[in-house]
Each structure stands twice: as structure tokens, then as C-alpha cells.
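Residue strings, one per chain:
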Amino acid sequence: MSTLDLPLEDALPGAGADAPLAERLRPRTLDEVIGQRHLLGPGKPLRAAFESGRLHSMILWGPPGVGKTTLALLVAHSFAAQFIAISAVLGGVKDIREAVDRAKVAQASGRRTVVFVDEVHRFNKAQQDAFLPHVESGLFTFIGATTENPSFEVNSALLSRATVHVLKPLGDADLRDLLQRAGALLQAPALTDSALSRLIGYADGDARRLLNAFENLVGMAGAVAQIDEAQLEKSLGEQLRRYDKGGEQFYDTISALHKAVRGSDPDAALYWFVRMLDGGVDPRYAARRLVRMASEDIGLADPRALAMALDAAQTYERLGSPEGELTLAQAVIYLAMAPKSNAVYTAYKAVRAFIEHDGTRPVPLHLRNAPTRLMNALDYGRDYRYAHDEAGGFAAGEDYWPDGMNAPRFYEPVERGLEIRIGERLKELRALNDAARTASPAKAPAEDR
């Protein structure tokens with residue numbers, strides 16, 4: 001935990017000449033901040049808060065290297081507040097208590113306090129709850145920084161007391177401006193256009209990543225007139241590889257992984273997965289793609305595939321890299337070897353297309369719920385057959401479609417994996433329906449009449 005009691009220009013951690021380039025270029029004023037115009041432009045939320053003098057608790061949500069810590073520092077400096085930083089990765093309840101004690105001392109002397117919690121999503125519920133009474137009492141202003149969706153990772157009670165500001169990755173133009181500042185500070189040689197483009201692509205919207213790479217590049221380049229792609233590849237080595245995020249090869253590699261899984265080739269799937277990691281892709285992105293594959297290409301042929309992909313993603317969140325990458329590899333191999341079916345995917349797309357062009361049909365009365373007397377009087381739910389009271393738990397011949405609608409068939413299971421059994425059961429249920437509707441033609445849906 002650290003406390004900021006000095007002017008910002010003197011108190012930034014390691015802001016001296018020997019500090020990393022990212023620290024030396026950290027903005028000292030709001031106008032020096034690059035990017036986030038949707039929050040900091042004229043009349044925008046954070047700009048308005050700074051200019052109005054109204055300090056509020058907030059959650060800063062965005063990817064790494066977009067200025068979350070910088071904005072928190074600037075908030076504290078702008079309001080002459082004591083700045084207390086806590087890392088949720090390393091800290092705990094003891095650090096929270098110390099922050100409360102320091103805030104009380106500052107309050108007694110008439111000074112505000114900003115408590116900044118980095119990676120706040122890593123605090124558990126009890127730790128997050130510990131902030132609530134002090135935020136409510138106004139003892140300090142709470143600022144949390146997270147790379148994860150706060151709707152899922154931050155307690156609703158704490159979330160309701162803080163404004164969520166979404167920070168965006170820096171655009172190419174922003175990163176070019178940042179490199180100009182960095183080049184001027186380091187008196188660095190110019191970059192060729194191709195080297196500049198690759199370096200910006202490598203940064204992927206992350207200012208810290210860009211500046212760290214650029215500083216290493218300049219240090220290795222020595223006295224040259226220009227820095228070209230060859231020097232860039234030498235400097236970044238395996239980090240750069242041939243995997244340019246955002247470029248064509250990025251999507252080609254993802255496509256290769258997906259097709260290898262769909263084609264049931266575990267060796268090729270594992271190869272493309274490791275190629276992605278080796279090229280610097282965020283393993284969380286790979287995990288999201290695996291979850292998608294489990295539904296799109298395997299579906300109900302093996303429902304365990306989706307559970308495996310979700311478990312792998314969750315385990316990675318717990319372990320991080322490199323330990324957590326092994327569980328993603330396990331999921332890749334399982335998905336590749338699982339029986340394949342796109343029946344759910346095909347049915348879902350067909351229903352979406354059907355509804356897009358079909359009218360909004362009313363729900364039939366017998367399918368409506370009737371929680372009030374008026375609804376009962378209007379025949380809501382009348383003649384509905386409760387399936388659990390029927391033989392075999394199935395109301396044979398019952399119609400669940402809008403009145404007068406031709407009942408299409410969207411889902412057709414394939415003869416692979418669990419869908420073999422699902423198909424047999426579906427055939428059995430459809431036969432029971434046909435028999436019941438033949439005996440009572442009035443119950444048949446429109447397509448059978």
C-alpha cells in the first residue's frame with residue numbers, strides 16, 4: 001500500500017530519470033492524457049466531475065494500459081486528496097483497515113482521501129463489503145480499477161455506490177501520438193513506416209506495452225538513422241513472432257484452430273492453439289472461442305464439452321499464465337475428440353431467421369399464466385394440460401404454438417454422440433403426438449390439419 005502526500009510531479013512512483021519510460025511519460029494533467037475522449041472531452045462525464053469539483057466514487061473498467069491508475073492519481077491530485085493505493089492481488093483486510101485509519105487522520109485535518117484498489121475484482125465479497133460503510137459515510141472516495149466486467153466481478157452493493165466508467169483501448173492515432181512523445185523524450189531515431197505499424201499492432205491498444213517495447217527497442221538500436229522491421233523483430237524476439245493481432249494472420253490462426261477442432265484433429269488443434277499463445281494472444285480470448293466451439297460444433301452430441309470449456313476458462317482465471325494454459329489445452333483436445341453436431345447452431349439460426357420475417361403472434365390463452373382473478377375470468381390458462389400429471393410426464397397432442405401457425409421443425413439431431421439418444425426420444429414423442437392428434441383432429445397444429 002502506498003500514500004501520495006507530495007505534489008504529483010514529485011510523488012509518482014519511480015518518476016525519475018532512471019524510471020521506466022511509461023512512468024516518465026505518465027500524464028501530470030488531464031490535458032496530457034491520451035485517449036478516452038468519450039470520458040475526458042468537453043462536457044463528458046469525467047471532465048465534468050473534475051471541473052465541477054464534485055468528487056465521486058467510481059469503477060474504472062478497461063483493458064490493461066489504458067490509463068486507469070493515471071486517472072485515479074489525477075483525481076486525487078485535482079482535489080488535493082491523500083492517495084492510498086491497494087493492490088487486490090497482494091493486499092487484504094489488513095490493508096483496508098490501514099487505509100481507513102489513514103483516511104480518519106486526514107479527515108480530522110480537513111483533507112480528503114482517495115482509496116484506489118487496483119484489480120478490485122480479485123477481492124472477495126467480504127473484502128469488497130469492507131469498503132461499504134466508509135464509502136457511505138464519506139470517509140473516503142473509492143476508485144476501483146478492473147479489467148473484468150464489474151457486473152459479474154464487483155458486489156452489487158459496492159457497484160451501486162460507484163459510477164462505472166468504461167475505458168477503451170487506445171486507437172492507432174493515440175498510440176502514434178504517444179510514440180512521438182516517447183521519441184522526443186528519448187531522442188530516439190525515427191521508425192520506418194512498416195516498423196511503426198507493426199509496433200502499434202503489437203501494442204494492441206495498451207500504452208504501457210507500447211512504451212516498454214519502444215524503450216527496449218531504442219536501447220538495442222544504438223546510433224542508427226532509422227529503426228526498421230529487422231531491428232524491431234530482433235528487439236521483441238519471440239514476443240512479436242508472426243502473429244499480428246488485429247491483422248489478417250490473427251483471424252487466420254483463429255480460423256485454423258476452429259476448423260481443426262471441428263475436423264476432430266487434436267494434434268492440429270493443439271498446434272494452432274499454442275501458435276496463438278506463442279504469438280501473444282490473451283488466453284482469455286482463446287477460452288471464449290473454445291466456449292463458442294463447444295456450442296457451435298459439438299452442442300448436444302456431447303454436452304460435457306461446454307462444461308469442459310467453461311471449467312477451463314474459470315480455472316485459467318484462478319491460476320493465470322502459464323499454469324492455467326494447460327487446462328485450456330486440455331479443453332482443446334477434448335473438444336477436438338468430442339462427437340460433432342451443429343444441430344443446435346443450425347436450429348438457432350433458422351429460428352432467428354424465421355422470427356425476423358414472421359409477425360408478432362399472440363400467446364394462446366391456454367399457455368398464458370393467470371395470477372389474478374381477472375386473468376382467470378378472461379380464460380388465461382384454461383384447458384392447459386400440466387405435463388407432470390400426464391402419462392409418462394408428456395401431454396401427447398398438446399399444441400404449444402401460436403394459434404393458426406404452421407408448426408415448423410427447426411431442431412433435427414444428428415446420429416452422433418448423445419444426439420443419437422436425443423433423436424430416438426424426439427422420434428418417440430413425435431409419434432405420440434401424431435397418434436393423439438389423429439384421435440382428436442381438433443388438437444392438431446395447423447400444419448397437420
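Position labels on residues start from 1 in each chain and follow its written sequence. At least 70 in pLDDT is required for a residue's local features to be given in this predicted model, at least 80 for side-chain atom pairs to be given and counted, and no such filter applies to totals for whole chains, interfaces and linings, which use all residues. The basis for every side-chain value is the complete set of non-hydrogen atoms in the structure, without hydrogens or water.

Asker: How should the overall build of the chain be read in this particular structure?
Answerer: Helix and strand content of the chain: 22 helices and eight strands. Compactness check: the chain gives a C-alpha radius of gyration of 29 Å against a globular reference of 22 Å for 449 residues, more than 25% above the reference. Nonlocal contacts in the chain, meaning residues at least 24 apart in sequence, comprise 70% of its contacts between residues at least 6 apart. Surface exposure here means Shrake-Rupley accessible area, sampled with a 1.4 Å probe, where a residue is shielded only by the protein chains that are shown. Summing over all exposed atoms, the chain offers an accessible surface of approximately 24000 Å²; the carbon and sulfur share of this is 53%. The centroid of the 53 positive side-chain charges in the chain is displaced by 3 Å from the centroid of its 59 negative side-chain charges. A run of H or I in DSSP counts as a helix once it spans at least four residues, and a run of E counts as a strand once it spans at least two, with each numbered from the N terminus. Atoms considered for the radius of gyration are the C-alpha atoms alone. The globule rule reads 2.2 Å times the number of residues to the power 0.38. The contact criterion used is simple: two residues touch if any of their non-hydrogen atoms lie within 4.5 Å. Working convention for charge: Lys and Arg count positive, Asp and Glu count negative, and His plus the chain ends are omitted. Every charge is mapped to an atom, namely NZ of Lys, CZ of Arg, CG of Asp or CD of Glu.

Asker: Can you help me understand helix H6 (residues 93-108) in this one?
Answerer: Within an α-helix, residues lying three or four positions from one another point in the same direction, as the helix has 3.6 residues per turn. Its 16 residues give H6 an end-to-end C-alpha distance of 23 Å, which sits within 8% of 22 Å, the value for a rise of 1.5 Å per residue. Among all positions in H6, only Asp95, Ile96, Ala99, Val100, Ala103 and Ala106 are buried. Seen end-on, H6 carries its buried residues on one side only, within an arc spanning 140 degrees. Turned more than 90 degrees away from the buried face of H6 sit Lys94, Arg97, Val105 and Ala108, all of them exposed. Here, expected helix span is obtained from the residue count minus one, scaled by 1.5 Å. Residue exposure (1.4 Å probe, protein chains only): buried if accessible area is under 20% of the type maximum, exposed if over 50%, otherwise partly exposed. Directions pointing from the helix axis toward each C-beta atom define the arc.

Asker: Before we go on, may I ask you to explain the packing of helix H16 (residues 266-278) against helix H19 (residues 325-337) in this structure?
Answerer: Packing of H16 against H19 brings their axes to within 9 Å, and their N-to-C directions diverge by 145 degrees. Crossing of H16 over H19 shows right-handed handedness. Along its contact with H16, which presents Pro266, Ala269, Leu270, Phe273 and Leu277, the element H19 presents Glu325, Leu328, Ala329, Val332, Ile333, Ala336 and Met337. Gly is put with the polar residues, along with every residue not named as nonpolar or charged; the nonpolar set is Ala, Val, Leu, Ile, Met, Phe, Trp, Tyr, Cys and Pro, and the charged set is Asp, Glu, Lys and Arg. For the contact of H16 with H19, the residue count by class is 11 nonpolar, no polar and one charged. Between N-to-C directions, angles cover 0 to 180 degrees, with each direction set by a line fitted to C-alpha atoms, over the stretch in contact for helices. Crossing handedness is read from the near helix: turned anticlockwise from the far helix by less than a right angle, it gives a left-handed crossing, and turned clockwise, a right-handed one.

Asker: What should I look at first to understand the environment of valine 281 in this one?
Answerer: Following the sequence through the fold, valine 281 ends up in the loop between H16 and helix H17 (283-298). In this structure valine 281 comes out as buried when scored by relative accessible area, which is 4%. Residues valine 281 and valine 120, 161 residues apart in the sequence, show an inter-C-alpha distance of 23 Å.

Asker: Please clarify how the pattern of salt bridges should be interpreted in this entry.
Answerer: Oppositely charged side chains can form a pair if their charged atoms are brought close together. Think of a salt bridge as a Lys or Arg side-chain nitrogen and an Asp or Glu carboxyl oxygen that are within 4 Å of each other. This structure, assessed with the given rule, holds 19 salt bridges. Glutamate 296 is the salt-bridge partner of arginine 262, the closest N and O atoms lying 3.4 Å from each other. Of this pair, arginine 262 sits in helix H15 (residues 248-262) while glutamate 296 sits in helix H17; the two residues are 34 residues apart in sequence, bridging distant segments of the chain. Residue arginine 262 is classed as partly exposed on the basis of its relative accessible area of 36%.

Asker: What am I meant to see in the environment of isoleucine 200 here?
Answerer: Within the secondary structure, isoleucine 200 is located in helix H12 (residues 193-203). For the pair isoleucine 200 and aspartate 174, spaced 26 residues apart in sequence, the C-alpha to C-alpha distance is 9.9 Å. Each residue touching isoleucine 200, except ones within four places of it in the same chain, is listed here: Asp172, Leu175, Arg176, Leu179 and Leu210.

Asker: Would you mind showing me how to read the side chain of threonine 141 here?
Answerer: Relative to the helices and strands, threonine 141 is located in strand S5 (residues 141-146). Take threonine 141: its relative accessible area is 11%, and that puts it in the buried class. Setting aside anything within four residues of it in sequence, one finds threonine 141 in contact with Leu55, His56, Ser57, Thr113, Val114 and Val115.

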